Amino acid sequence: MGHSKSVYDEVLRVPLLVRAPGLVRPHTRIRSPVSLVDVAPTLLELLGLRTDGTLQGQSLAASLRGDAPPPSTVRFAEGPDVRRDGHRSIAVRTERYKWITPEDGDQPTEIYDLERDPGETRPLDDEALRQTGAAHLAAYRRLAGTGATRRELDARTTEKLKALGYLE
């Protein structure tokens, strides 16, 4: 419940535990940002199944086996803008930094150093980081523009998503 309420880590960071004796090294922890889109390719690779190459995300199987460090990635999220009712925000996150931008903006309005401020309470005012965030945001917009088209949800699906807390 509540995962669609904001783009702050207190909502976005959700633990995923994988128990696969013989397939995953016990007690392995991946600290870099990952996404739900990484789950399917990871599980398929762990099971030795091939994909057709159309899945988004990347497999974390090598990291879970202890064969490779986790990939260094940039992750994106969208959610309600907690400061502007009826608007949405976009978050861009790396292992260390996070940028939050209104959906209709082209510059980050909030920048956080997650190593020094994991609670996202002290926004930074750093022009170099602002430009880095703007570049990540532009990459996200290109990615979002080439992905699957949005479609209207039927009433049954909408009600299920509301019951799960993903829609209001």
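Because the structure is a prediction, the values reported are computed rather than measured. (Residues numbered from 1 in each chain as written. Predicted model: local features only at pLDDT ≥ 70, side-chain atom pairs only at ≥ 80, totals over all residues. Heavy atoms only, no water.)

1. A short note on the overall build of the protein
(1) Moving on: For the protein, the helix and strand inventory stands at five helices and four strands.
(2) Moving on: Start at the N end of the protein and walk to the C end: the helices and strands fall as α-α-α-β-β-β-β-α-α.
(3) Moving on: In terms of principal-axis extent, the alpha carbons of the protein reach across some 50 × 45 × 30 Å.
(4) Moving on: Relative to all contacts within the protein whose residues are 6 or more apart in sequence, the contacts with residues 24 or more apart total 42%.
(5) Moving on: Accessible surface for the protein amounts to roughly 11,500 Å². Of this, 54% is attributable to carbon and sulfur atoms.
(6) Moving on: Separation between the mean location of the 25 positive side-chain charges and that of the 25 negative ones in the protein comes to 6 Å. (Helix = DSSP H or I, 4+ residues; strand = E, 2+ residues; numbered from the N terminus. Contact = heavy atoms within 4.5 Å. Areas by Shrake-Rupley, 256 points an atom, 1.4 Å probe, with all protein chains shown as cover. Lys, Arg positive; Asp, Glu negative; His and termini not counted. Charge placed at Lys NZ, Arg CZ, Asp CG, Glu CD.)

2. Details of the side chain of Ser32
(1) Moving on: Tracing the sequence through the fold places Ser32 in the loop between α1 (9-12) and α2 (39-46).
(2) Moving on: Ser32 gets classed as buried once you look at its relative accessible area, which sits at 7%. (Buried < 20%, exposed > 50% of the residue type's maximum accessible area, 1.4 Å probe, protein only.)

3. Some details on the sheet that holds strand β3 (residues 97-102)
Two modes of strand pairing occur in sheets, parallel and antiparallel, and in both the strands are linked by backbone hydrogen bonds.
(1) Moving on: Pairing is antiparallel across the open sheet formed by four strands, whose spatial order is β1-β2-β3-β4. For this open sheet the edge positions go to β1 (75-80) and β4 (110-113), each flanked by a neighbour on one side alone. Taken over all neighbouring pairs, the strand axes of this sheet differ in orientation by 20 degrees on average, direction set aside.
(2) Moving on: Inspection of the sheet shows β1 paired to strand β2 (residues 88-93) by six bridges, in the antiparallel sense. (Pairing = 2+ DSSP bridges. Axes fitted to C-alpha atoms, helices over the stretch in contact; angles between N-to-C directions.)

4. Side note on the layout of surface pockets
(1) Moving on: Quantified by volume, the second largest pocket comes out at close to 150 Å³.
(2) Moving on: Lining the second largest pocket are Lys5, Pro80, Asp81, Arg84, Asp85, Gly86, His87, Arg88 and Glu168.
(3) Moving on: Per-class residue counts for the lining of the second largest pocket are one nonpolar, two polar and six charged. (1 Å grid on protein atoms, 1.4 Å probe; cavity = no way out; pocket = protein on both sides within 12 Å on 5 of 7 lines; lining within 4 Å. Points joined across faces, edges and corners; volume = space filled by probe spheres on them. Nonpolar A, V, L, I, M, F, W, Y, C, P; charged D, E, K, R; others polar.)

5. Quick look at the environment of Asp154
(1) Moving on: Turning to its location among the elements, Asp154 is positioned in the loop between α4 (127-146) and α5 (155-164).
(2) Moving on: Taking the C-alpha atoms as reference points, Asp154 and Ala138, 16 residues apart in sequence, are found 31 Å from one another.
(3) Moving on: Here Thr157 takes part through its backbone nitrogen, which lies 2.8 Å from a polar atom of the side chain of Asp154. (Polar contact = N/O pair within 3.5 Å; in protein donor to acceptor, adjacent residues only side chain to side chain.)

6. As for unusual backbone geometry
(1) Moving on: At His27, a residue that is not glycine, the phi angle is positive and equals roughly 65 degrees.
(2) Moving on: The residue His27 is located in the loop between α1 and α2 in this model.
(3) Moving on: Here His27 falls in the exposed class, since its relative accessible area comes to 82%.
(4) Moving on: Even without being glycine, Glu120 reaches a positive phi, approximately 50 degrees.
(5) Moving on: Along the chain, Glu120 falls in the loop between β4 and α4.

7. Thoughts on the nonpolar core
(1) Moving on: Judged by nonpolar contacts, Val7, Tyr8, Ala77, Ala91, Ile100, Tyr112 and Leu114 together constitute the single largest core of seven residues.
(2) Moving on: In contact with Ala91, not counting residues within four places along its chain, are Val7, Arg75, Phe76, Ala77, Lys98, Trp99 and Ile100. (Core = buried A, V, L, I, M, F, W, Y, C linked by side-chain atoms within 4.5 Å.)

8. Some points on the pattern of salt bridges
(1) Moving on: Inspection of the entire model under this criterion finds 14 salt bridges.
(2) Moving on: Between Asp113 and Arg96 there is a salt bridge whose closest N-O contact spans 2.7 Å. Of this pair, Asp113 sits in strand β4 while Arg96 sits in the loop between β2 and β3; the two residues are 17 residues apart in sequence, bridging distant segments of the chain.
(3) Moving on: Given a relative accessible area of 6%, Asp113 falls into the buried group.
(4) Moving on: The class of Arg96 is partly exposed, set by a relative accessible area of 26%.
(5) Moving on: With a shortest N-O distance of 3.9 Å, Arg130 and Glu127 are connected by a salt bridge. (Salt bridge = Lys/Arg side-chain N within 4 Å of Asp/Glu carboxyl O.)

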